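These are the residues of each chain, in order.
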Amino acid sequence: ILNVEQSPQSLHVQEGDSTNFTCSFPSSNFYALHWYRWETAKSPEALFVMTLNGDEKKKGRISATLNTKEGYSYLYIKGSQPEDSATYLCASTPNAGGTSYGKLTFGQGTILTVHP
Amino acid sequence: EAQVTQNPRYLITVTGKKLTVTCSQNMNHEYMSWYRQDPGLGLRQIYYSMNVEVTDKGDVPEGYKVSRKEKRNFPLILESPSPNQTSLYFCASSLYGQGGNIQYFGAGTRLSVL
């Protein structure tokens, strides 16, 4: 089982603060890194999928970077708003041949709470 | 509307009584997958399917069966449920299974096994 780890486990920030989380994953046999946003009582929603070292993706105030050589990805939220409060999940897909591309191993998530 | 539909949304059952949770997608996606979510453990993959008649084990397949006879449907079968299968289950699909495609999740099925 791939070990995908996220830090911190939880984070409390004030409205307007910028914040970032980390996702670390095994760098060997890496294929893709996913970020999802999961609000309470809803389903996870995809934010980004990245495959290339140095990839940067942006969606509004949220952006992500990927370093496949050292096995980490950062998710940044600029000017946090209360509606950004959610659990942020990352997940890694291996490149180990066959149908391994279908495997997805999630980290435990970072719970973000943005206080007004 | 593009969606992944799971049924039922809530289910309480007893140990040993076979059950099936259905999952259907209307996006003509090749890839489908099942996950369970438990407190402190995050989402864990149970089984996935790269296409019709192609299924493979995820990280926690024990006690579960799946089948993919049609592209749109991917049911999860618990032949003899046990209390440790009490969990929140999610079905997801993506266009292809090459790992670089975003997944669309269903609304979840909360299962309690007494």
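Just so you know, these numbers come straight off a predicted model, no measurement behind them.

Colleague: Can you help me understand the environment of R37 of chain A in this one?
Modeller: Residue and element names in this part refer to chain A. Along the chain, R37 falls in strand β4 (residues 30-38). With ten residues separating them along the chain, R37 and L47 place their C-alpha atoms 6.6 Å apart. If we ignore the near neighbours within four places in the chain, the residues touching R37 are S43, P44, E45, L47, E83, D84, S85, A86, T87 and Y88. Among the polar contacts made by the side chain of R37, one reaches the main-chain carbonyl oxygen of E83 at a distance of 2.3 Å.

Colleague: Sorry, what's going on with the state of the cysteines here?
Modeller: Working definition of a disulfide: a covalent bond connecting the sulfur atoms of two cysteines. By the definition in use, this model includes two disulfides over all chains. Across the disulfide, C23 of chain A is cross-linked to C90 of chain A (sulfur-sulfur distance 2.0 Å). On the S-S bond that ties C23 of chain A to C90 of chain A, the torsion sits near 80°, and the link is right-handed. A residue pair is termed long-range when its members are at least 10 positions apart, and C23 of chain A in strand β3 (residues 19-24) and C90 of chain A in strand β9 (residues 86-94) qualify at 67 residues. Accessibility classification places C23 of chain A together with C90 of chain A in one group, the buried group. Covalently, C23 of chain B is tied to C91 of chain B through a disulfide, its sulfur atoms 1.9 Å apart. On the sign convention where negative means left-handed, the S-S torsion of about -75° between C23 of chain B and C91 of chain B marks this disulfide as left-handed. Here C23 of chain B is found in strand β3 (residues 19-25), whereas its partner C91 of chain B is found in strand β9 (residues 87-94), with 68 residues between them in sequence. Taking relative accessible area as the criterion, C23 of chain B reaches 2% and is therefore assigned buried. Residue classification places C91 of chain B among the buried residues on the basis of a relative accessible area of 0%.

Conventions used here
- Residues numbered from 1 in each chain as written.
- Chains lettered and ligands numbered in written order.
- Predicted model: local features only at pLDDT ≥ 70, side-chain atom pairs only at ≥ 80, totals over all residues.
- Heavy atoms only, no water.
- Helix = DSSP H or I, 4+ residues; strand = E, 2+ residues; numbered from the N terminus.
- Contact = heavy atoms within 4.5 Å.
- Polar contact = N/O pair within 3.5 Å; in protein donor to acceptor, adjacent residues only side chain to side chain.
- Disulfide = S-S within 2.5 Å.
- Buried < 20%, exposed > 50% of the residue type's maximum accessible area, 1.4 Å probe, protein only.

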